[in-house]
Amino acid sequence: MPRSDARRNYARILAVAEEEVAARGADASLEQIARTAGVGSATVRRHFPTRPALLEAVFRRQVDALAERARSLEEAADAREALLEWLRALTTYSASARGLATALVRDEESMAHACSATMTEAAEPLVRRAADAGAVGPDVTAADLIAVVTGIVLATEHHRDPAAEAQRLLELAVRGISPPR
């Protein structure tokens, strides 16, 4: 198969997988993904040898966008608001990407580690700036806040409007973590 066909298959499989995971969660059927993408199961497995490899590819693009957003907020005038803006973006995406929170706490170590490490590394400067400004305690870490968001998303994933409920609970938690001045 020419390389251009392989690239098209990869892109089509990934696009279908993103839709299936959004609709059905991290346990979306690989066979259904193959059928919808118009390829065989072997083609899916050639590009993504394991379910964790497929899930990592599905989540990687948005995780990278969240990391970039954190970097873009590093120099914002209000360190507290910059951190909260990023936490809201993380919550919105995590609540809408069914399976991300579950995948982050499952035994799918390489994917969970890669996603978590990317987000933690990107968010840590925001957390340090907020701590330096007195907006969060000096012992608060990016990993702590990501764990809070993950817990909120897991607690709300079966709610009628998971994203809205997750945001509501995040705001409630924020008032406890960093009350407005």
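As the structure is a computational prediction, the values presented were derived from the model and not from experiment.

## Things to note about the confidence of the model for the chain
Per-chain confidence: the chain averages 87 in pLDDT, with 90% of residues scoring 70 or above. Least confident of the elements in the chain is helix α6 (residues 100-105), whose mean pLDDT is 59; most confident is helix α2 (residues 30-37), at 94.

## Some thoughts on the pattern of salt bridges
Pairs can form between side chains of opposite charge whenever their charged atoms are close. Enumeration according to the criterion identifies 10 salt bridges in this entry. Across the pair Glu81 and Arg88 runs a salt bridge, and its minimum N-O distance is 2.9 Å. The closest approach of N and O atoms between Arg128 and Glu124, which form a salt bridge, is 2.8 Å. Here Arg128 pairs with Glu124, and both are found in helix α7 (residues 109-132), just four residues apart, close to one helical turn. Of the residues examined, Glu124 reaches a relative accessible area of 22% and is grouped as partly exposed. Through salt bridges with shared partners, one network takes in Glu56, Arg60 and Asp64.

## Structural notes on helix α5 (residues 79-96)
In this model α5 runs 26 Å from its N-terminal to its C-terminal C-alpha over 18 residues, within 8% of the 26 Å that 1.5 Å per residue would give. For α5, the buried fraction is high: 13 of the 18 residues fall into the buried class. In this structure Asp78 caps α5, since a side-chain oxygen of it lies 3.1 Å from the backbone nitrogen of Arg80.

## What to know about the side chain of Gln167
By the element assignment, Gln167 lies in helix α9 (residues 162-177). Among all residues touching Gln167, those that are not within four sequence positions of it are Arg88, Thr91 and Thr92.

## Concerning the environment of Leu84
Within the fold, Leu84 resides in helix α5. Given a relative accessible area of 6%, Leu84 falls into the buried group. Sequence separation of Leu84 and Val127 is 43 residues, and the distance between their C-alpha atoms is 9.7 Å.

## Concerning the environment of Val39
On the secondary structure map, Val39 appears in the loop between α2 and α3 (41-47). Ignoring sequence-local partners within four residues, the contact set of Val39 consists of Asn9, Arg12, Ile13, Ala34 and Val44.

## Considering the packing of α5 against α9
The contact between α5 and α9 brings their axes to 9 Å, and the two run at 150°. Between α5 and α9, the crossing angle belongs to the class labelled roughly antiparallel. The element α5 and its partner α9 pack so that their crossing is right-handed. Facing Arg80, Leu84, Leu87, Arg88, Thr91, Thr92 and Ala95 of α5, the residues of α9 in contact are Pro162, Ala163, Ala166, Gln167, Leu170, Glu171 and Val174. A per-class count over the contact of α5 with α9 returns eight nonpolar, three polar and three charged.

Parameters at a glance
- Residues numbered from 1 in each chain as written.
- Predicted model: local features only at pLDDT ≥ 70, side-chain atom pairs only at ≥ 80, totals over all residues.
- Heavy atoms only, no water.
- pLDDT = per-residue confidence, 0-100.
- Helix = DSSP H or I, 4+ residues; strand = E, 2+ residues; numbered from the N terminus.
- Salt bridge = Lys/Arg side-chain N within 4 Å of Asp/Glu carboxyl O.
- Buried < 20%, exposed > 50% of the residue type's maximum accessible area, 1.4 Å probe, protein only.
- Expected span 1.5 Å × (residues − 1).
- Polar contact = N/O pair within 3.5 Å; in protein donor to acceptor, adjacent residues only side chain to side chain.
- Contact = heavy atoms within 4.5 Å.
- Axes fitted to C-alpha atoms, helices over the stretch in contact; angles between N-to-C directions.
- Parallel < 35°, antiparallel > 145°, perpendicular 65-115°, else oblique.
- Left-handed = near helix turned anticlockwise from the far one by under 90°.
- Nonpolar A, V, L, I, M, F, W, Y, C, P; charged D, E, K, R; others polar.

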